[in-house]
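Chain and residue survey
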Amino acid sequence: MLDLALNVAFAAFGLAFLLAAFRLLRGPSAPDRILALDTLYVDAVALALLLAVQQDSAAYFEVALLIALIGFVSTVALARFVARGDVTG
Amino acid sequence: MRAAIEVLISLLLVAGGFFGLVGAIGLVRLPDFLMRLHAPTKATTLGVGGALLAALLYFVGSGRWIVHELLIAAFLFIGAPVSALMLAQAAIRARLPSRAPLAEAGEDEERPG
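Residues numbered from 1 in each chain as written. Chains lettered and ligands numbered in written order. Predicted model: local features only at pLDDT ≥ 70, side-chain atom pairs only at ≥ 80, totals over all residues. Heavy atoms only, no water.

**Regarding the interface of chain B and chain A**
Tallying the contact residues gives 46 residues for chain B and 49 residues for chain A. Roughly 4100 Å² is buried in total at the junction of chain B and chain A, and carbon and sulfur atoms are behind 81% of that figure. For the pair chain B and chain A, the number of links is 1 salt bridge. Among the ionic pairs, Asp32 of chain A bridges to Arg36 of chain B, the shortest N-O distance being 2.8 Å. Put simply, chain B and chain A have 6 residue pairs in polar contact (both at pLDDT 80 or more) between them. (Contact = heavy atoms within 4.5 Å. Buried area = accessible area lost by both parts, 1.4 Å probe. Salt bridge = Lys/Arg side-chain N within 4 Å of Asp/Glu carboxyl O. Polar contact = N/O pair within 3.5 Å; in protein donor to acceptor, adjacent residues only side chain to side chain.)

In structure tokens, the structure reads:
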């Protein structure tokens, strides 16, 4: 039962990942692409968590933590760059 | 007891996958940016929260307590509203077109520019 649920969740988050990649390629504006990148990293965190359960290995939590950290910082930096023209000011 | 925890983990996984998929479909299908902003920031955050809770239950059920889970949850649930606010500011600054009726009622001089 757990294996079936894991496969369903893998399929759902994998499809979500592909749909976000479609929006990333399609555009049409810069905030759309940043939003698609934001969704991509959240889906990647979810896939890493699912891999941790499937492989029964806690090492994937470090992967998920690093993706969450870097994804959050990069989304904020890109959005500030589009909104104001610079990142630190 | 173990079987009950497995049923709970399975339900959380399926619900998490469902909400993650709903968020991505909204990201692709909704007509303008300010509407598209809603789908991933709410539905996808809930979906990844379900996956996070399922993984936490799985590892607690097998006797290993993982502190990383709490850090991941903190970054995801603090990060989602902050990045949504930043993206909304970027969209207002870029004057992206909106189909929402309230945005048509107020004229352009009310927007910060």
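Now that the structure is up, let's keep going.
**Considerations on the packing of aromatic side chains**
All names here are of chain B. Under the counting rule described, the total for this entry stands at 3 aromatic pairs over all chains. With a centroid separation of 5.3 Å and an interplanar angle of 70°, the aromatic rings of Phe18 and Phe19 are classed as edge-to-face. Its relative accessible area of 31% is what places Phe19 among the partly exposed residues. (Phe/Tyr/Trp six-rings, centres within 6.5 Å; stacked < 30°, edge-to-face > 60°. Buried < 20%, exposed > 50% of the residue type's maximum accessible area, 1.4 Å probe, protein only.)

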